[in-house]
Amino acid sequence: MSFVAGLVIGLVVGLALIVAFVRSENARSKHRSDLAATVTSFARMTVEDSRKLLSPEYYPSWVVFSQRQKLTWLNVQLEKIWPYVNEAASELIKANVEPVLEQYRPVILASLTFSKFTLGTVAPQFTGVSIVEDESDGITMELEMQWDGNPNIVLDIKTYLGVGLPVQVKNIGFTGVFRLIFRPLVDKIPCFGAVCFSLRHKKKLDFTLKVVGGDISTIPGLSDAIESTIRDAVEDSITWPVRKVIPILPGDYSDLELKPVGKLEVKLVQAKELTNKDIIGKSDPYAILYVRPLRDKMKKSRTINNQLSPVWNEHFEFVIEDLATQHLTVKIYDDEGLQAAELIGAAQVQLSELQPGKVKDVWLKLVKDLEIQRDTKNRGEVHLELLYCPNGMQNGLINPFAQKYSMTSLEKVFKNGSDGGNNINENGGEGTNGSVVIVRGVLSVTVISAEDLEPADLMGKADPYVVLTMKKTGSKNKTRVVDECLNPVWNQTFDFVVEDGLHDMLTLELWDHDTFGKNYMGRCILTLTRVLMEGEYKDCITLDGAKSGKLNVHLKWTPQPIYRM
């Protein structure tokens, strides 16, 4: 009996194992088929399919979706003709860069010229090409290039002591994007009148300097001075928006040359929550602002010592050559005295985002590297007011006043609006009285209310009031105290006589009143630019230096022109 039972159990277990094995194999086969189908689908995916699946923030920083097409065929042909291109390009670059080198020559040198200049035997590699779609009458092409060459470049340097130093530029590594513009399109071969070329974007430019038969470090500061000169020369001679125009067919191509298209008025207001770079005390911040990174075009603010939330309220003006592609760069440094300043953070604003003739108030988050925007560390924020004034704008930017009065474009806007154009004759010249309007007037500030304030008392309430201060004159006013309230309403109006509206500031500080003192609850800092432009406005402003809270205010400007003869 036991034998029969064992036989039955053995058969059942055997059949169960066979069924399990078959099912397992079928499942594995189906899994492999599904996996193969998935791999096939991924192989057919386009860049657009990838972007639909995942948004950009989920990709690591090294993943780049390029719109450029590969140019293997061009690189093969370039290697064949490179000896001829080398000779022609060397002469062209030398002729264009050498005058700019002399222009940026360090003061410690008497002359700075090329004694040898050839690009070597290694041809650059074009890694991609793209067509830029625009509304211009022409074709714009961008070529991405990489070059790790072996050029023979020797600078002939002479000092004021009569000592000559041959300095060799070695180990050049370059990656960038060149822009070619074929304009205008015509009905004659080759179908375009001229070619413009420019370095649209310089991604990398590395090189080393070596004195032939000597050591460049024997003269302190010489290497840094020459390197800075070379970089400035490249920036000023060929980097966009600078462009070189090569006529192909006879004609006037002056419209293709670099020309100013307007001015950018920048007010550096303040910064907050800056990273502390000092071990003892606080950072001593100052700002560098520029549109083009050239030494003579950079603007520097004053240094504010021992402060992580500095207030500058400084005005700068920049010439703009190409609104569509240029941007304003702001870098905040910690002044280290005799040592090199340490970067706290940087930020950029695309000028194409600005509306001509309208003030834009922005807070910009500071990052460590402008090329890599995925910086999660809090390095602080910087507050700017921006106004772009294009040339020929019909709002008074054409200076109708005497040349002896130096005014910015921003001042011309306000002065033209103040006198209503009554002093301008029909030819656009000066009126008979030759007067200049000073931006002077009465600022009326209505402190309406506050909301969602942070509790300041042990009972979870606060007794808030607001102190109003004009920065330049120091004149102050304050509201009444509202007892035990986190959403107080004041509706109080204060008038301030302002002598210099363009450069004054209004500070509103919120305090908690106590019997034996007061507690700070936050502040708002306002320039007068917006109220000067708009006449009056109402706004809800977030408090700085507080976890929560907003202040509702109404500002009105009543001009009181003063005329100087």
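Data block above holds the structure.
Notes on the structure follow. Quick caveat: nothing in here was measured; it's all calculated off a predicted structure.

The helix and strand tally for the protein stands at six helices and 25 strands. For the protein, buried positions account for 41% of its 565 residues. Just so you have it, the protein exposes about 31400 Å², and 55% of that area is on carbon and sulfur atoms.

So, about helix α3 (residues 72-103). Taking 1.5 Å as the rise per residue, α3 with 32 residues should run 46 Å; its terminal C-alpha atoms sit only 39 Å apart, a clear shortfall. A maximum bend of about 65° is found in α3 at I81, where proline P83 lies one to four positions downstream. Among all positions in α3, only N75, L78, W82, N86, S90, V97, V100 and L101 are buried. Against the buried residues of α3 lie β1 (109-118), β2 (125-132), β4 (152-159) and α4 (222-237).

Another aspect to go through is a nonpolar patch on the surface. On the surface, L15, I18, F21 and V22 cluster together into a nonpolar patch covering about 420 Å² of accessible area. For I18, the position within the fold is in helix α1 (residues 2-43). Accessibility expressed as a relative area gives 53% for I18, which makes it exposed.

The tally for this structure, following the rule as stated, stands at five aromatic pairs. With a centroid separation of 6.1 Å and 55° between ring planes, the pair formed by F174 and F178 is classed as tilted. No difference in accessibility class separates F174 from F178, as the two residues are buried. With a centroid separation of 5.3 Å and 70° between ring planes, the pair formed by W511 and Y520 is classed as edge-to-face. We note R179 situated over the ring of W240; from NZ or CZ to the ring centre the distance is 4.8 Å. A cation sits over an aromatic face here: K478 above Y465, 5.5 Å from the ring centre.

Here the focus is the side chain of N75. Secondary-structure assignment places N75 in helix α3. Discounting chain neighbours no more than four positions away, the residues touching N75 are P124, Q125 and F126.

Of note, the bond from R183 into P184 is cis; its omega dihedral lies within 30 degrees of zero at -15°. Secondary-structure assignment places P184 in strand β5 (residues 164-185). Cis geometry marks the peptide bond from W240 to P241; its omega dihedral reads 15°. For P241, the location among the structural elements is in the loop between α4 and β7 (244-247).

Before going further, it helps to examine the nonpolar core. One finds L101, L155, I157, V167, V169, I226 and I230 to be the most contacted residues of the largest nonpolar core, which totals 37 residues. Looking at this core element by element, the count peaks at six residues for β5. The next biggest cluster of nonpolar side chains, apart from the first, holds 34 residues, and it includes A462, L468, C485 and V553.

To continue, consider the sheet that holds strand β12 (residues 327-334). Strand order across the open sheet formed by four strands is β10-β9-β12-β13, with antiparallel pairing between neighbours. Sheet topology places β10 (299-300) and β13 (342-350) at the edges, where each strand pairs with a single neighbour. Taken together, the eight bridges between β12 and β13 define a ladder with antiparallel strand orientation. Residue pairing across strands places L328 opposite V349, the latter belonging to β13.

What follows concerns α4. Counted at 1.5 Å a residue, the expected span for α4 with its 16 residues is 22 Å, and the 22 Å between its end C-alpha atoms agrees. By the burial criterion, the buried members of α4 are L222, A225, I226, T229, I230, D232, A233, E235, D236 and S237. Packed against the buried residues of α4 are α3, β1, β4, β5, β6 (192-211) and β7.

For the coordinates displayed, the defined rule picks out 22 salt bridges. Across the pair E25 and R28 runs a salt bridge, and its minimum N-O distance is 3.5 Å. Remark: R28 and E25 occur in helix α1; sequence separation between them is three residues, near one turn of the helix. The partner of E353 in a salt bridge is K360, with the nearest N and O atoms 3.7 Å apart.

By the element assignment, K94 lies in helix α3. K94 has contacts with P99, F114 and F117, leaving out every residue within four places of it along the chain.

This part takes up the side chain of S449. By the secondary structure assignment, S449 is in strand β17 (residues 441-451). Exposure remark for S449: the relative accessible area of 12% places this residue in the buried category.

If you want to describe how two helices pack, look at the angle between their axes and the distance between the axes. Their axes nearest at 9 Å, the elements α3 and α4 cross at an angle of 125°. One element, α3, and the other, α4, form an angle in the oblique class. The handedness of the crossing between α3 and α4 is right-handed. Each of N96, V97, V100, L101 and Q103 in α3 lies in contact with α4, whose residues at this interface are T229, I230, A233, D236 and S237. Tallied by class, the residues present in the contact of α3 with α4 amount to five nonpolar, four polar and one charged.

Rules and cut-offs
- Residues numbered from 1 in each chain as written.
- Predicted model: local features only at pLDDT ≥ 70, side-chain atom pairs only at ≥ 80, totals over all residues.
- Heavy atoms only, no water.
- Helix = DSSP H or I, 4+ residues; strand = E, 2+ residues; numbered from the N terminus.
- Buried < 20%, exposed > 50% of the residue type's maximum accessible area, 1.4 Å probe, protein only.
- Areas by Shrake-Rupley, 256 points an atom, 1.4 Å probe, with all protein chains shown as cover.
- Expected span 1.5 Å × (residues − 1).
- Bend = angle between axes of the 7 residues up to and from the residue.
- Contact = heavy atoms within 4.5 Å.
- Patch = residues over 30% accessible without salt bridge, like charges linked within 9 Å, V, L, I, M, F, W, Y side chains within 5 Å.
- Salt bridge = Lys/Arg side-chain N within 4 Å of Asp/Glu carboxyl O.
- Phe/Tyr/Trp six-rings, centres within 6.5 Å; stacked < 30°, edge-to-face > 60°.
- Lys NZ or Arg CZ within 6 Å of the ring centre and 35° of its normal.
- Core = buried A, V, L, I, M, F, W, Y, C linked by side-chain atoms within 4.5 Å.
- Pairing = 2+ DSSP bridges.
- Axes fitted to C-alpha atoms, helices over the stretch in contact; angles between N-to-C directions.
- Parallel < 35°, antiparallel > 145°, perpendicular 65-115°, else oblique.
- Left-handed = near helix turned anticlockwise from the far one by under 90°.
- Nonpolar A, V, L, I, M, F, W, Y, C, P; charged D, E, K, R; others polar.

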